[in-house]
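Coordinate analysis (summary)
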Number of protein chains: 2
Amino acid sequence: MKALTKAPPESLLRLKGQRTDAIDTPALVVDLDAMDRNIQRLAEFAAKHQMLWRPHAKTHKSINLAHRLLAAGACGICVQKTGEAEALAAGGIDDIYISNEVIAPAKLARVAQLAQTLSERGGRLSICVDSREGIERLAQALQGHPARLRVFVEIDVGQGRCGVLPGSAAVSLVQDIQRHASLEFGGLQAYHGKAQHLRGVAERREAIAEAVQAVHRTCEALQAAGLQTPLITGAGTGTLVLEAASGVYGELQAGSFMFMDADYASNERDPAQPHFEQALFVKTQVISASLDHAVCDAGHKSHAIDSGLPQVLCLVAGHELDYANGGDEHGLLRAARPGGPLPQLGQFLWLIPGHCDPTVNLHDHLIGVRGGLVEGVVDCIIDVDARGALT
Amino acid sequence: MKALTKAPPESLLRLKGQRTDAIDTPALVVDLDAMDRNIQRLAEFAAKHQMLWRPHAKTHKSINLAHRLLAAGACGICVQKTGEAEALAAGGIDDIYISNEVIAPAKLARVAQLAQTLSERGGRLSICVDSREGIERLAQALQGHPARLRVFVEIDVGQGRCGVLPGSAAVSLVQDIQRHASLEFGGLQAYHGKAQHLRGVAERREAIAEAVQAVHRTCEALQAAGLQTPLITGAGTGTLVLEAASGVYGELQAGSFMFMDADYASNERDPAQPHFEQALFVKTQVISASLDHAVCDAGHKSHAIDSGLPQVLCLVAGHELDYANGGDEHGLLRAARPGGPLPQLGQFLWLIPGHCDPTVNLHDHLIGVRGGLVEGVVDCIIDVDARGALT
């Protein structure tokens, strides 16, 4: 498990109170005002719908940010990896849900240890399963540990990734869970990842309507078997208004809403969706300039391109720039309109990443900025504590 | 600057001498025998062509591997970032070339400091420029430092990224360099990144023929101005046979040859090319299995997908699998032939990354394996020391 505290390097600590000009590039920068508004809007949305929200820490991987989300009313956090759970537990997060299947005995031993640690602290570890073998392995790992583990059965609600088929297959798994005193059935994991990025509102409505039907079908099958479903957990930034409106889901897992990215910004906006603002940027600098293009120092080692290339934030009308991939460490910048102005050597630019989660995963630190100034040290230089927590 | 030594976590140290089954997933694993053969083949190739080789450390970012390359005859290392140079210098690498433009005064102050540090150790720092302003800024940063910096003028030999136009523009920059006692003209940086990934041998020959012409033209212009060109540096894994055959290039910068990847493997092989073997793998595990697909625990937080998705290493004929993107933490596996067998829950698989450099950048450690066993600690758990050295 990672140490509880990890001091950011001196060069970052020196940034406190300075203008953003002082931030060396490439760097990942968070507009804390925008992020706070995003968090507040989700908190209000969840309260209005009387839902729990358990934002996904795979987005930020940061102890500091997880605590901010809890302070705003989140009931706990989701993670995808055992290592993320360990890193965030080491930072004082007590209610953690590994919303993913864990199969390796070595990892399950860590899961069992973490369940006990959190339980002793008055917290709770939850995890996801989609197979009988997964349940057996979990139960085996927990032997000799007094802690109980809350277990969600993942059903495939349309993504075609993990999860059993909705209906009787899920019932069978719940019955398996109930054979083990160390396991407690927590409910259904019903997350539709693909639906988050369907561009049109109608497409997303259709996808989530099917997901909701799958959930209903499964709850009915469980009820027919005399089993109650304590909670349905799921939903991402792209569809959360739909899961909320369904009346079935009780917990929102959305994580990207706090940062946003170019991909989510490309979705047609659902009128019911809270207004989430772009809060995450890669600051970059022009290191080479020629007559027809400029080159900046942020390539795909600085931002993930799985969901498309970054966009260049346009601060002056008419100065729009297109970003083309220049390799691992370079970006190629051209005027969006023929003859438009190019940035000068040394100029700083702000990129809007295509996809926030894997972009954060590339950086050791997030630099928090408020009103153009780097904020106080504790609250601003935000370690990406679980970066590299791949296992 | 990073500390000289950094102990890998206990969980990795315990792997020493164990079979690869013991490696938790996802993990980046190097077949050290294959890597050693790749290094040996490049060393022999360079010797045969009487060329220096200065492998690019942006590929491996590892002190341990940099030392292995030097031991095999490399004259030094290339890096792309000041932070990489610092991390590798802290690990005892004395001859470092930042093959990239540096413009930020804060970084240039670090460059100047590093030039002095390496000089005091009997080593040398080199850097790349492509603008008069870049040269002025460099000279300014070096004021008050006794160390001299070797400076290469980058010419654009067809990539359309950094670099001045071949010919008179380069002459003008060399003259600028020579106005500063702290700067020493090292030669021309003439790297054609795009050409590395042209699939056909004929296309690559054409591209590098043009690059060689551009170099000739520039050397002639320099000679006409009474200037000698000490060295032409460039070439990558995809084209190095062509630069070597040109008789103009004196130094090879190729880095990927030591690991290789699915993208380089897709190139039509030049008969003159040394046989470079795949040596880098992402070990992954099946965490979910259904009737028509399986899901493994390696998504694009475990391997870069800028140059395509990873391939699944096929260990049994007829068991070929296709990998589809399952998001940040998941890969979707389907039988390559309808009805072909799917891997079972818990099964380990080995992925060949699409692109080695940014894949290494996602990991904190490389696990070195020889003959199916994790090798001794010092030589096997290879820290990616400069991972996250973005600036």
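Let us look at the structure shown here.

Parameters and conventions
- Residues numbered from 1 in each chain as written.
- Chains lettered and ligands numbered in written order.
- Predicted model: local features only at pLDDT ≥ 70, side-chain atom pairs only at ≥ 80, totals over all residues.
- Buried ≥ 20, exposed ≤ 12 C-beta atoms within 10 Å, placed from the backbone.
- Helix = DSSP H or I, 4+ residues; strand = E, 2+ residues; numbered from the N terminus.
- Arc of directions from axis to C-beta.
- Pairing = 2+ DSSP bridges.
- Contact = placed C-beta atoms within 7 Å.
- Axes fitted to C-alpha atoms, helices over the stretch in contact; angles between N-to-C directions.
- Parallel < 35°, antiparallel > 145°, perpendicular 65-115°, else oblique.
- Left-handed = near helix turned anticlockwise from the far one by under 90°.
- Nonpolar A, V, L, I, M, F, W, Y, C, P; charged D, E, K, R; others polar.

**Here's the deal with helix α3 (residues 63-71) of chain A**
Residue and element names in this part refer to chain A.
- For α3, the set of buried residues is I63, L65, A66 and L69. Take α3 and look down its axis: the buried residues cluster within an arc of 165 degrees, on one side only.
- Immediately beyond the C-terminal end of α3, within one or two residues, lies G73, with a positive phi of roughly 120 degrees.

**Considerations on the sheet that holds strand β5 (residues 124-129) of chain A**
Residues and elements named next belong to chain A.
- Read across the open sheet, the eight strands follow the order β2-β9-β8-β7-β6-β5-β4-β3; overall the sheet is parallel. Two strands bound the open sheet, and with one partner strand each, they are β2 (52-53) and β3 (77-79).
- Of the strand pairs in this sheet, strand β4 (residues 95-101) and β5 are connected by five bridges, and their pairing is parallel. Bridge assignment links E101 to a residue of β5, and that residue is C128.
- Across the sheet, helix α5 (residues 105-120) lies against β4, β5 and β6 (149-154), angled at about 145 degrees from β5, the strand it touches most.

**Structural notes on the packing of helix α4 (residues 82-90) of chain B against helix α5 (residues 105-120) of chain B**
Residues and elements named next belong to chain B.
- Relative to each other, α4 and α5 sit at 25 degrees, their axes nearing to 10 Å. Considering their axes alone, α4 and α5 lie roughly parallel with respect to each other. For the pair α4 and α5, the crossing hand works out as left-handed. For the pair α4 and α5, the contacting residues are T82, A85, E86 and A89 in the first and K107, R110, V111, L114, T117 and L118 in the second.
- Along the lines of polarity and charge, the residues of the contact of α4 with α5 split into five nonpolar, two polar and three charged.

**What to know about unusual backbone geometry**
- That bond from T25 of chain A to P26 of chain A is cis: its omega, -10 degrees, falls within 30 degrees of zero.
- As for its placement among the helices and strands, P26 of chain A is situated in the loop between α1 (10-13) and β1 (27-31).
- At M260 of chain A, a position not held by glycine, the phi torsion is positive, near 65 degrees.
- Unusually for a residue other than glycine, A235 of chain B sits at a positive phi of about 80 degrees.
- Take A235 of chain B: it is sitting in the loop between β8 (232-234) and α9 (240-246).
- A count of 27 C-beta atoms within 10 Å places A235 of chain B in the buried class.

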